[in-house]
Amino acid sequence: MNNLGFEFTVNKESLTVNITREFNAALELVWDAWTKPEILDQWWAPKPWVSKTKYMNFVVEGKRFYAMVSPDGQERWSIQKYTSISPRTNFKMFNTFADKDENPELPGSNWDLNFSEQNGITKVSIIIKNESLTRMEKMIEMGFKQGFSACLDQLEEILSN
């Protein structure tokens, strides 16, 4: 690993997960990696899984409908609905698992992503507020920290190429 910052904290009382990650890349590149499906699909699933976006409309009230696909073809669908967008500084989304027909599995979580750049290092700060303790515990049990950390490592690799 390098000396770029990475923090991951869980607060069960407030039902939040806080993640901060620095990337040695320009803000615009990092923003694009989070907001363009052709780049998102390269890093959003921990290997050997892959991310497959069915469609994505990155506008307020738009959404991304995608699956994480296992090596044997199992699909785990999710919906990300964009609730607020401030270009290159912040976007918010509601995230929930779904079935292949886009029926949401509630409860979900609200993501608040902030982007900032200083001296060529872009910091992404994420606050994930879960709608229930049960959902949060399920997310953690499913290995969210390890999986999402692996995804962020994959993003770092893409940004360095």
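One can find the structure itself at the top, above this paragraph.
The shown structure was predicted, so the numbers you read here are calculated from the model rather than taken from an experiment.

Peer 1: Just checking my understanding: could you explain the overall build of the chain for this structure?
Peer 2: Secondary structure summary: the chain contains four helices and eight strands in total. If you list the helices and strands of the chain from N to C, you get β-β-α-α-β-β-β-β-β-β-α-α. In the chain, which comprises 161 residues, the share counted as buried stands at 43%. Nonlocal contacts in the chain, meaning residues at least 24 apart in sequence, comprise 46% of its contacts between residues at least 6 apart. Accessible surface for the chain amounts to roughly 8,500 Å². Of this, 50% is attributable to carbon and sulfur atoms. Counting 18 positive and 22 negative side-chain charges, the chain places the centres of these two groups 3 Å from one another.

Peer 1: Help me understand the pattern of salt bridges, please; the structure alone is not making it clear to me.
Peer 2: If the charged atoms of two oppositely charged side chains come close together, the side chains can form a pair. Taken as a whole, this structure holds 10 salt bridges when the rule is applied. Here aspartate 153 ties to arginine 21 by a salt bridge, and the two come within 3.1 Å at their closest N and O atoms. With aspartate 153 in helix H4 (residues 144–159) and arginine 21 in strand E2 (residues 16–23), the pair connects residues that are 132 residues apart, well separated along the chain. Among the residues examined, aspartate 153 registers a relative accessible area of 37% and is labelled partly exposed. Close ionic contact of aspartate 41 with arginine 64 constitutes a salt bridge, the shortest N to O distance being 3.0 Å. Pair noted here: aspartate 41 is in helix H2 (residues 37–43) and arginine 64 is in strand E4 (residues 63–69), with a separation of 23 residues, a long-range link. In the salt-bridge network here, residues are joined through shared partners; they are Arg21, Asp153 and Glu156.

Peer 1: Can you walk me through the side chain of threonine 16 in this structure?
Peer 2: Within the secondary structure, threonine 16 sits in strand E2. Under the relative-accessibility criterion, threonine 16 is labelled buried at 12%. At 2.7 Å, the side chain of threonine 16 forms a polar contact with the side chain of serine 14. In contact with threonine 16, not counting residues within four places along its chain, are Thr9, Val10, Asn11, Ile127, Ile128, Lys129 and Met136.

Peer 1: What is the right way to look at the nonpolar core in this model?
Peer 2: In summary, soluble globular proteins display a tendency toward joint burial of nonpolar side chains. Counting residues in hydrophobic clusters, the biggest one holds 35 residues, and the most contacted among them are Trp34 and Trp43. Among the secondary structure elements, those contributing two or more residues to this core are E2, helix H1 (27–35), H2, strand E6 (90–98), strand E7 (104–118), strand E8 (121–130), helix H3 (133–141) and H4. Element by element, the count of residues in this core is highest for H4, at six residues. Residue contacts for tryptophan 34: discarding those within four places in its chain leaves Leu40, Trp43, Trp44, Met56, Phe91, Leu113, Phe115, Val124, Ile126, Phe148, Leu152 and Leu155. Formed by six residues, the second largest nonpolar core is a distinct cluster that contains Phe65, Val69, Trp77 and Ala98.

Peer 1: Sorry, what's going on with the packing of aromatic side chains here?
Peer 2: We describe a pair of aromatic rings using the distance from one ring centre to the other and the angle between the two ring planes. Tallied over the full model, the rule gives 21 aromatic pairs. When the centroid spacing of 6.0 Å and the interplanar angle of 45 degrees are considered together, the rings of tryptophan 44 and tryptophan 111 count as tilted. With a gap of 67 residues between them, tryptophan 44 in the loop between H2 and strand E3 (50–56) and tryptophan 111 in strand E7 connect regions that are remote in the sequence. Classification of tryptophan 111 as buried rests on a relative accessible area of 4%.

How each quantity is defined
Residues numbered from 1 in each chain as written. Predicted model: local features only at pLDDT ≥ 70, side-chain atom pairs only at ≥ 80, totals over all residues. Heavy atoms only, no water. Helix = DSSP H or I, 4+ residues; strand = E, 2+ residues; numbered from the N terminus. Buried < 20%, exposed > 50% of the residue type's maximum accessible area, 1.4 Å probe, protein only. Contact = heavy atoms within 4.5 Å. Areas by Shrake-Rupley, 256 points an atom, 1.4 Å probe, with all protein chains shown as cover. Lys, Arg positive; Asp, Glu negative; His and termini not counted. Charge placed at Lys NZ, Arg CZ, Asp CG, Glu CD. Salt bridge = Lys/Arg side-chain N within 4 Å of Asp/Glu carboxyl O. Polar contact = N/O pair within 3.5 Å; in protein donor to acceptor, adjacent residues only side chain to side chain. Core = buried A, V, L, I, M, F, W, Y, C linked by side-chain atoms within 4.5 Å. Phe/Tyr/Trp six-rings, centres within 6.5 Å; stacked < 30°, edge-to-face > 60°.

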